[in-house]
Amino acid sequence: MASSKKITDLKALKKVIKKANEERKKEEEERKRAEKQSISDRDLFLKSIGDVTPIDNRDRVAPVFSSPKPIPVQRMEDEKRALMESLSDEFSVESLLETDDALSYARNGIGPDVVRKLRRGHWVIGDQLDLHGFRRDEAREMLVEFLRRASIRGIRCVRIIHGKGLGSVNQEPVLKKLVHKWLVQRADVVAFCQAKPADGGSGAVVVLLKGS
């Protein structure tokens, strides 16, 4: 019985070896066929493009790529939100404004000559912001962003058009009063006064910003 079992196991082993050899032979044939096809495709490609001259790359300079610095979007949004929230609508500004027709303002330590020069147009208006038709929160956000960009660009003098309030309830210049309150609370605002008639008169204010 033992001899019969050994013969059976031997036959089974031979079958396994035979099958493995057949699979190996089949894989080898497949590999040669693929290689032959690849060579044929390459020859066809070379024949289709004709004679070519290799590019001389001895003086080739490898390009250098520098990744742009990440933009701190979230930090910028947080700073902008903090600036907006710091500008109170309830801030009392009347005591800080000069009681003249132009409702002028100058930060502590700024001499009266600065306001006089501002009225006369000593500083060239570098940019302007028109707040006509915007709601309170929109106008405040636009003002904050406008002054921030002006400071970055090194602009000293700007004009802010707030309108005369003729379209408001009871024709009161609500936005004009808010703009005055907001400007007084800004550390980058040195002085401001009502614009000259040619620059908008009582519907606009000319603002002097800190230098860089």
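Just above sits the structure.
In this text the structure is predicted, and so the values were computed from the model without any measurement. (Residues numbered from 1 in each chain as written. Predicted model: local features only at pLDDT ≥ 70, side-chain atom pairs only at ≥ 80, totals over all residues. Heavy atoms only, no water.)

A separate point is the sheet that holds strand E1 (residues 105-106). Taken in spatial order, the five strands make up an open sheet running E1-E4-E5-E3-E2, and their pairing is mixed. Where the open sheet ends on each side, the last strands, each with one partner, are E1 and strand E2 (127-130). Where E2 and strand E3 (residues 157-161) come together, four bridges link them in parallel fashion. Opposite Asp-130, over in E3, you have Ile-161 as the bridge partner. With respect to the sheet, helix H5 (residues 174-184) is in contact with E1, E3, strand E4 (189-194) and strand E5 (204-209), its orientation differing from that of E4 by roughly 160°. (Pairing = 2+ DSSP bridges. Helix = DSSP H or I, 4+ residues; strand = E, 2+ residues; numbered from the N terminus. Contact = heavy atoms within 4.5 Å. Axes fitted to C-alpha atoms, helices over the stretch in contact; angles between N-to-C directions.)

Let us now look at the pattern of salt bridges. Under the defined criterion, the tally for this structure stands at eight salt bridges. Of the charged contacts, one joins Arg-31 and Glu-28 as a salt bridge, the two residues approaching to 2.5 Å between their closest N and O atoms. Pair noted here: Arg-31 and Glu-28 are both in helix H1 (residues 2-49), with a separation of three residues, about one helical turn. The class for Arg-31 is partly exposed, based on a relative accessible area of 43%. (Salt bridge = Lys/Arg side-chain N within 4 Å of Asp/Glu carboxyl O. Buried < 20%, exposed > 50% of the residue type's maximum accessible area, 1.4 Å probe, protein only.)

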